[in-house]
Number of protein chains: 2
Amino acid sequence: MAKKQQEEPKAERDVSTEEKILQAARKVFTQKGYAATRTRDIAAEAGINLALLNYYFRSKEKLFHQVMAENLQQFFGIIAPIISDEQTTLETKVKLIAEAYIDELGQHPDLPLFVLSEIRNDPEQFKTRIPIDRLLPGAALFRQLQERRPDIHPMQFIINMLGMCVFAFVARPVFLAAGLTTEEGFAAMMEERKRLIPGWVEAMLKA
Amino acid sequence: MAKKQQEEPKAERDVSTEEKILQAARKVFTQKGYAATRTRDIAAEAGINLALLNYYFRSKEKLFHQVMAENLQQFFGIIAPIISDEQTTLETKVKLIAEAYIDELGQHPDLPLFVLSEIRNDPEQFKTRIPIDRLLPGAALFRQLQERRPDIHPMQFIINMLGMCVFAFVARPVFLAAGLTTEEGFAAMMEERKRLIPGWVEAMLKA
DNA sequence: GTCTATAACCTGATAGAC
DNA sequence: GTCTATCAGGTTATAGAC
């Protein structure tokens, strides 16, 4: 009976203390970054005592690495299966990437700025976790781009495609701070982007 | 004579202590961000004592605001005159923006990630300094995009254009950490981008 | 498991000698 | 102007009661 409770804590009405801390840590770390985050903020956000954080996770750094690993997986894991798929066409991949990325980031708008900043701050932890250097150059998408446009390095197109999906989220704080748009307006704009990106990429490939 | 030395300190062989601190602060703040920066790091980088930092700039925050104001001006000031120019065509603007931005960021690769992160951390300081909400919607570029493609919001194209120039620098730490490219390779890729972007934007506008 | 209290350390800032 | 020494406050982490 006690075991059953442990096995499905997330499905129950009240989550475990460990999960409460983890959820709070995800929120605070991702919003403010590692250096600006105080463990007190996480404890307060989780509604628990500061000592419990160390009881469950030993240190701020250990807790951060756990959150960071999740976020890296989320940020790079979205597209990994799509770009490696040998069955789909280039056009399909573009459509799937745009939809998957914009849907995902729409729910976690501060993920890109967080992930990219923290990789800058500590490139090593990233190096060991995500083998992009082995995934990307061998991926189906890479090869398909090379076949379509042998005169231009595939990375140029990949940067453009990812930029079309991700850059708006990186610049989102600017838009909001400047009053150029609201959170709702931004979401609507990104929805329209999902429809526009495939055509833009198609045009780019012919240019 | 003493006055002359003060009037042109940068032209002399040895810069003033104040300028040494400022240069060190630019470097450390921009690389690591406000929260992760220790005033001791800046002092060490400047080759001076910690107390001198407070003697010249009163506080870490005051020094940071000075660096941040410079960086904001650099990041947004590059394109401000170009997008507002009523004399140039849309095509010319695209070419000028790509060249100006990529040249500038090539010399300050960590500027975008720094500026965007710090705006996220403290939107207010940005709000008061850069009146983007008044500049952009009234700019010539904005109107020209609207005339060319009345069916698509100009902001969609502006995001793409800026993304094409800036996103690569935001993602640069990933490329370098992953070993996908070197600093020299990255610079060469961005040089090629300057040539490619005008054609891409033209194609996008017709799509 | 959870809390209070506190240790141990770090960081920004200042006092005061030179 | 520049330095050494130090303070005051904040932050992570732990000890120990419950």
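The residue numbers shown here count from 1 along each chain, following its written sequence. A letter from A marks each chain and a number from 1 marks each ligand, given out in the order of writing. Side-chain atom pairs in this predicted model are given and counted only at pLDDT of 80 or more, local residue features only at pLDDT of at least 70, and totals for whole chains, interfaces and linings cover all residues. The basis for the side-chain values is all heavy atoms of the structure; hydrogens and waters are excluded.

Some details on the pattern of salt bridges
Then comes step 1: Only one rule defines a salt bridge in this text: a Lys or Arg side-chain nitrogen within 4 Å of an Asp or Glu carboxyl oxygen. Under the definition given, this model contains 28 salt bridges over all chains.
Then comes step 2: Notably, a salt bridge pairs A:E202 with A:K206, separated by 3.8 Å at the nearest N-O pair. Taken together, the residues span about one helical turn, with A:E202 and A:K206 both in helix α14 (residues 183-206) at a distance of 4 residues.
Then comes step 3: Overall, A:E202 belongs to the partly exposed group, its relative accessible area being 21%.
Then comes step 4: With relative accessibility at 65%, the residue A:K206 sits in the exposed group.
Then comes step 5: Salt-bridge contacts for B:E124 lead to B:K127; the nearest nitrogen and oxygen are separated by 3.8 Å. With B:E124 and B:K127 both in helix α9 (residues 123-129) and 3 residues apart, the pair spans about one turn of that helix.
Then comes step 6: Members of the salt-bridge network, linked through shared partners, are A:E91, A:R148, A:E202 and A:K206. Numbered from the N terminus, helices here are DSSP runs of H or I no shorter than four residues, and strands are runs of E no shorter than two. Each residue gets one of three labels from its accessible area relative to the maximum for its type: buried under 20%, exposed over 50%, partly exposed in between, using a 1.4 Å probe on protein chains only.

Brief notes about the interface of chain B and chain A
Then comes step 1: Taken together, the 50 residues of chain B in the interface contact 50 residues of chain A.
Then comes step 2: Accessible surface is computed with a 1.4 Å probe, and the buried area is the amount of it that two parts give up when combined, taken over both parts together. Taking both partners together, chain B and chain A bury about 4,300 Å²; carbon and sulfur atoms supply 74% of that area.
Then comes step 3: Three residues stand out in chain B for area buried against chain A, namely B:R120, B:Q156 and B:F167, and they jointly supply 16% of the buried area on that side.
Then comes step 4: Where chain B packs against chain A, one counts 0 salt bridges.
Then comes step 5: Under the rule applied, a polar contact is a pair of N or O atoms within 3.5 Å (in protein, one hydrogen donor and one hydrogen acceptor; residues adjacent in sequence only if both atoms are side-chain atoms). Taken together, chain B and chain A are joined by 8 residue pairs in polar contact (both at pLDDT 80 or more).
Then comes step 6: Looking at the side of chain B that touches chain A, the elements with two or more residues in it are α2 (17-32), α8 (111-121), α9, α10 (132-135), α12 (154-170), α13 (172-178) and α14 (183-206) of chain B.
Then comes step 7: Ranked by residue count, the leading element in the side of chain B that touches chain A is α12(B), at 12 residues.
Then comes step 8: Three classes are used: nonpolar for Ala, Val, Leu, Ile, Met, Phe, Trp, Tyr, Cys and Pro, charged for Asp, Glu, Lys and Arg, and polar for all others, with Gly counted as polar. Tallied by class, the residues present in the side of chain B that touches chain A amount to 35 nonpolar, 9 polar and 6 charged. Two residues qualify as a contact provided that any one of their heavy atoms is within 4.5 Å of a heavy atom in the partner residue.

Some points on the domain arrangement of chain A
Residue and element names in this part refer to chain A.
Then comes step 1: Boundary definitions for the domains trace back to an automatic or database domain assignment. Domain boundaries assigned for chain A yield domain 1 (1-58) and domain 2 (67-206).
Then comes step 2: When each unit is reduced to the centre of its C-alpha atoms, the spacing between domain 1 and domain 2 is 29 Å.
Then comes step 3: If you look at the interface, domain 1 gives 8 residues, while domain 2 gives 7 residues.
Then comes step 4: Between domain 1 and domain 2, the buried area comes to about 600 Å², and carbon and sulfur atoms account for 59% of it.
Then comes step 5: Sorting the residues of domain 1 by area buried against domain 2 places R26, F29 and T30 first, and these three jointly supply 66% of that buried surface.
Then comes step 6: Taken together, the links from domain 1 to domain 2 amount to 1 salt bridge.
Then comes step 7: A salt bridge links R26 to E70; the shortest N-O distance between them is 2.5 Å.
Then comes step 8: Scanning the region where domain 1 abuts domain 2 turns up 3 residue pairs in polar contact (both at pLDDT 80 or more).
Then comes step 9: For the side of domain 1 that touches domain 2, the class distribution of residues is 4 nonpolar, 3 polar and 1 charged.

Quick word on the relation of the copies chain B and chain A
Then comes step 1: At an RMSD of 0.1 Å, chain B and chain A line up after a rotation of 180° and a shift of 0.0 Å along the axis. The transformation just described matches what one would write down for a two-fold rotation axis.
Then comes step 2: A symmetric contact is evident, with 100% of the interface residues of chain B recurring at the interface of chain A. Least squares is the method used to superpose the copies, on C-alpha atoms of residues holding a pLDDT of at least 70 in both.

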